[in-house]
Amino acid sequence: NTNTTYNGSPQGVAVTVSPPFLSNKVSVSYSNATYGPTSNPPTNAGTYPVVVSVTDPNYAGGATSSLTIAPIASAFGFSSINPRVAYNGSNQPVALTNVNGAPVSVYYISSTNSLPGGVTVAQISFALAHPSTASTALATYLPFLRTYTNPPSGVGLYYVLAVNANTNDYTPPYFQTNTLTIAPISTPAFTFGSTNPVVTYNGSNVTVGLTNNTNGTPVTVTYNGLTSPPVGAGTYTVVATVTDTNNYTFRSVTNTLVIVKAPNVITPTVFAVSPLSYSTSPISVGLVLGASASSGLPVTYSNLSPSLLTLGTTNLILLGAGTATIVASQSGDSNYLAALPVTNPVVITKASNVITYFPLSNWVYNTNGLSNTYGLDAYASSGLQVTFSSTNTNLISISGTNVTLLGVGSGSIVASQNGNSAYAAATPVTNPFTISPKAANYMVTTYAGQTNRGFTNAQGTNAAFMSPGGVALDRFGNLYVADEGNNMIRKIDTNGNVTTLAGNTNSGSQNGQGTNAGFWGPSGVAVDGSGNVYVADQYNNMIRKIDTNGLVMTLAGNNTVTNDYGYAVGGLADGIGTNALFAGPVGVAVDRSGNVYVADKYNSAIRRIDTNAVVTTVIAAPSVFFGLGGVTVDGSGNLFVTDSDGNAIREISTTGVVTTLAGGSYGWVMQNGLGTNATFNWPTGIAVDAVGHIYVGDIFNNAIRLLTPQ
């Protein structure tokens, strides 16, 4: 019968066996009401019967005994009674002394907590103090107490209960009670780092810091009631308040924060590009005015010189030369002060002015009653009127843009333009002139084409036409030909190269680009100062226009009036554009103002189309000519006409005098020569250049003829 004390480890009995060699052939068994039977020695306190048996079948024997493990004293307690500590933000446990290492749990119950079922700490303590109720009390209350094992950190009074729940292996007492008081910490006299601070707006949040908060008291700072530090300019009430009043004593301090508007400066001080030339108008504002504000706000500009320029949202429009004044301003906003305005001068210089003065003709002084008045052609880049002057007053007299010849000789004419408030005076340009006696005869040569009909683009007499009709020169010396039989408009450059400008070998009346357009027997052709080509589209009874991009359109007339066979016969009717009627228009000419003149063959009339496409009849004279062909006009207003039926080239002066220059008899065989010694075969197209050369489309000779003054 062995007696021992609980020590937390297994404890068995010693067995002596005789004979000794059987010591490893015995079994030991421990058991009681709650343990075993097992060969494992018990650990917990209690009395265990012990049975020893021999396992060798050749031997008989055994023994019985008992093992008693007595409980050990609990022997635990608190190191300090009813301790009082200051709040430090951390858990604060109460220390234990535990001599025998009892399994003790410590519970902390706030005086403000309510346990389930209204149970109090006093009731739990009483139940645990009596052995008869201790086991029941532990079983009842421990599930509730287990939620209170964490040492407290907050301010307050706490009941502290240390419990040894192992009542089998330890003797009473099974619990100890205590209190723990955590007192609030005294808040230091914190304050603001600066009193009533005044700062300048910088676009960032502005905070007011605290000082003397030595123990890190949790403090909330508000600005006009908001926790976010302010950004914008204004006055803010700043309040710092302790937020954890459970663990810290209350404190609140008040301050004022003023955020003043930031300064605003316009830079650079010279923000305007100067000088400007009047010729650059209009010009983008951004290219001239380049001020900016330090605030980043947009700068506005005001114009103190409305007579010199107009200041728009995107463009400057210059009105004249001089020094304008521009003011850059920025009025600020809720965060920026208004900037000091900056004034800049803008010098506007006069635009350059250049005269383009076309060479003068080698004029012919007429003594046979024809006009001796010629036009002068010059313009200034400013668009201002050019004036002409000459010291050769014995040879010429000048009136506006016209010069009248007084005799034979040579000299010069000066073109001038004196400028105005916006344009500088142009450099005068001088052109020489020569006045020759009236030519008696003309020498005729072949310029392009050949007697073999056809369609060939080539140079000079290697090219082929099919009944070329009207011809016209542009200001660059290019010659345009109405190739009647090929239904085309041909172009001959100054080197004699022949190309197709518009139309194709198929007859038609469609408008379109270049060779996509259609003509039907184009007869006359003329060119205006801008390079637009006008065509007398004979069998369509229309006047067509070819712009400088080669686009063909109908200027006037239509082909809706037809005979019984479906051919367009036209008529004589004035009107606007395609409402007018023509009958076989064969020749066209255009004056300096852009008015178009038409030789309307079957109406025996000269028609006029103004720049608004209004068609009027200038003259209807069936007894004047044998049969109208082509018409052209020189710089003096003299008309040159091909009398197709009379095979003659005639001149009509500005006074109405008619003179035969060449031809006059049928030329079945093409004959070059002087004046009336030359022969033509149905001349139609005609053009005159600046020096008096006359070009003729000689239809049935399939040639372009040249009349040269002699």
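Cut-offs used in this document
- Residues numbered from 1 in each chain as written.
- Predicted model: local features only at pLDDT ≥ 70, side-chain atom pairs only at ≥ 80, totals over all residues.
- Heavy atoms only, no water.
- Helix = DSSP H or I, 4+ residues; strand = E, 2+ residues; numbered from the N terminus.
- Rg over C-alpha atoms; globule rule 2.2 N^0.38 Å.
- Buried < 20%, exposed > 50% of the residue type's maximum accessible area, 1.4 Å probe, protein only.
- Areas by Shrake-Rupley, 256 points an atom, 1.4 Å probe, with all protein chains shown as cover.
- Lys, Arg positive; Asp, Glu negative; His and termini not counted.
- Charge placed at Lys NZ, Arg CZ, Asp CG, Glu CD.
- Pairing = 2+ DSSP bridges.
- Axes fitted to C-alpha atoms, helices over the stretch in contact; angles between N-to-C directions.
- Phe/Tyr/Trp six-rings, centres within 6.5 Å; stacked < 30°, edge-to-face > 60°.
- Contact = heavy atoms within 4.5 Å.
- pLDDT = per-residue confidence, 0-100.

K.L.:
Looking at this model, I keep getting lost on the overall build of the protein chain. Mind explaining?
P.N.:
A tally of helices and strands in the protein chain yields three helices and 58 strands. Over its C-alpha atoms the protein chain spans a radius of gyration of 62 Å, topping by over 25% the 27 Å that the globule rule assigns to 710 residues. For the protein chain, the spread of C-alpha atoms along the principal axes amounts to about 175 × 85 × 50 Å. When the 710 residues of the protein chain are sorted by exposure, 44% land in the buried category. As displayed, the protein chain offers around 33100 Å² of accessible surface, 52% of which is attributable to carbon and sulfur atoms. When the 19 positive and 23 negative side-chain charges of the protein chain are each reduced to one mean point, those points stand 12 Å apart.

K.L.:
Looking at this structure, I do not really get the sheet that holds strand 48 (residues 585-590). What am I missing?
P.N.:
The strands making up a sheet associate through backbone hydrogen bonding, with each pair oriented either parallel or antiparallel. Strand order in this open sheet of five strands is 47-51-50-49-48, and the pairing throughout is antiparallel. One side of each edge strand has no neighbouring strand; the edge strands of this open sheet are strand 47 (575-576) and strand 48. Pairing between strand 49 (residues 596-600) and strand 50 (residues 605-609): five bridges, direction antiparallel. Across the sheet, the residue bridging to alanine 599 is isoleucine 606, located in strand 50.

K.L.:
Looking at this structure, how should I read the pairing of strand 26 (residues 322-329)?
P.N.:
Where a strand is regular, its side chains alternate between the two sheet faces. The sheet contact formed by strand 23 (residues 300-303) and strand 26 spans four bridges and is antiparallel. By the bridge assignment, asparagine 303 is partnered in strand 26 with isoleucine 326. In this sheet, strand 27 (residues 342-349) lies alongside strand 26 in antiparallel orientation, the contact comprising seven bridges. In the strand pairing of strand 27, threonine 323 is matched with valine 347.

K.L.:
For this particular structure, what's the right way to read the pairing of strand 25 (residues 315-318)?
P.N.:
Of the two faces of strand 25, only one is covered, namely that formed by Leu316 and Leu318; the face formed by Asn315 and Ile317 stays uncovered. By the bridge criterion, two bridges tie strand 21 (residues 283-284) to strand 25 in an arrangement that is antiparallel. Among the inter-strand pairings, serine 284 is bridged to a residue of strand 25, identified as asparagine 315. With three bridges joining them, strand 24 (residues 309-311) and strand 25 adopt antiparallel strand pairing. Bridge pairing in strand 25 places leucine 311 opposite leucine 316. Adjacent in sequence and paired antiparallel, strand 24 and strand 25 are bridged by three residues.

K.L.:
Teacher, can you tell me more about the sheet that holds strand 7 (residues 84-86) here?
P.N.:
A sheet is described by the order of its strands in space; here four strands give the open sequence 7-12-10-9, paired in mixed fashion. Sheet topology places strand 7 and strand 9 (104-110) at the edges, where each strand pairs with a single neighbour. Neighbour-to-neighbour, the strand axes of this sheet turn through a mean angle of 25°, independent of strand direction. Where strand 7 and strand 12 (residues 175-183) come together, three bridges link them in parallel fashion. The residue of strand 12 that forms the bridge with alanine 86 is alanine 183.

K.L.:
What am I meant to see in the environment of serine 371 here?
P.N.:
Relative to the helices and strands, serine 371 resides in the loop between strand 29 (362-365) and strand 30 (373-375). C-alpha of serine 371 to C-alpha of leucine 707: the two residues are 336 residues apart in sequence and 19 Å apart in space.

K.L.:
Sorry, what's going on with the packing of aromatic side chains here?
P.N.:
In this description, a pair of aromatic rings is defined by centroid distance and the angle of the planes. Inspection of the entire model under this criterion finds 14 aromatic pairs. Here the aromatic rings of tyrosine 87 and tyrosine 248 are separated by 5.4 Å at their centres, their planes lie at 80°, and the arrangement is edge-to-face. With tyrosine 87 in the loop between strand 7 and strand 8 (96-98) and tyrosine 248 in the loop between strand 17 (234-242) and strand 18 (252-260), this pair connects stretches of sequence that are 161 residues apart. Ring centres of tryptophan 682 and phenylalanine 700 lie 6.3 Å apart, and the angle between their planes is 50°; this geometry places the pair in the tilted category.

K.L.:
How should I be thinking about the environment of alanine 425 in this particular structure?
P.N.:
Within the secondary structure, alanine 425 sits in the loop between strand 35 (409-416) and strand 36 (429-437). With 75 residues separating them in the primary sequence, alanine 425 and lysine 350 have C-alpha atoms 9.1 Å apart. Alanine 425 has contacts with Asn353, Gln417, Asn418 and Gly419, leaving out every residue within four places of it along the chain.

K.L.:
What am I meant to see in the confidence of the model for the protein chain here?
P.N.:
As a note on interpretation, predicted positions should not be read in detail where pLDDT is low. For the protein chain, mean pLDDT is 88; residues scoring 70 or higher make up 93% of the total. Taking the mean pLDDT of every element in the protein chain, the minimum, 64, falls on helix 1 (residues 121-129) and the maximum, 97, on strand 45 (residues 542-546).

K.L.:
Looking at this structure, I do not really get unusual backbone geometry. What am I missing?
P.N.:
Backbone geometry follows two general trends: most residues other than glycine have a negative phi, and most peptide bonds adopt the trans configuration. The linkage connecting serine 18 with the following residue, proline 19, adopts the cis geometry, with an omega of 0°. Position of proline 19 relative to the elements: it lies in the loop between strand 1 (2-5) and strand 2 (26-30). The phi torsion at asparagine 82 lies on the positive side, around 45°, for a residue other than glycine. Mapped onto the fold, asparagine 82 is located in the loop between strand 6 (76-78) and strand 7. Assessed through its relative accessible area of 45%, asparagine 82 is described here as partly exposed. In this model, asparagine 487 sits at a positive phi of 55°, which is unusual for a non-glycine residue. Within the secondary structure, asparagine 487 is located in the loop between strand 39 (479-483) and strand 40 (488-492). Given a relative accessible area of 7%, asparagine 487 falls into the buried group.

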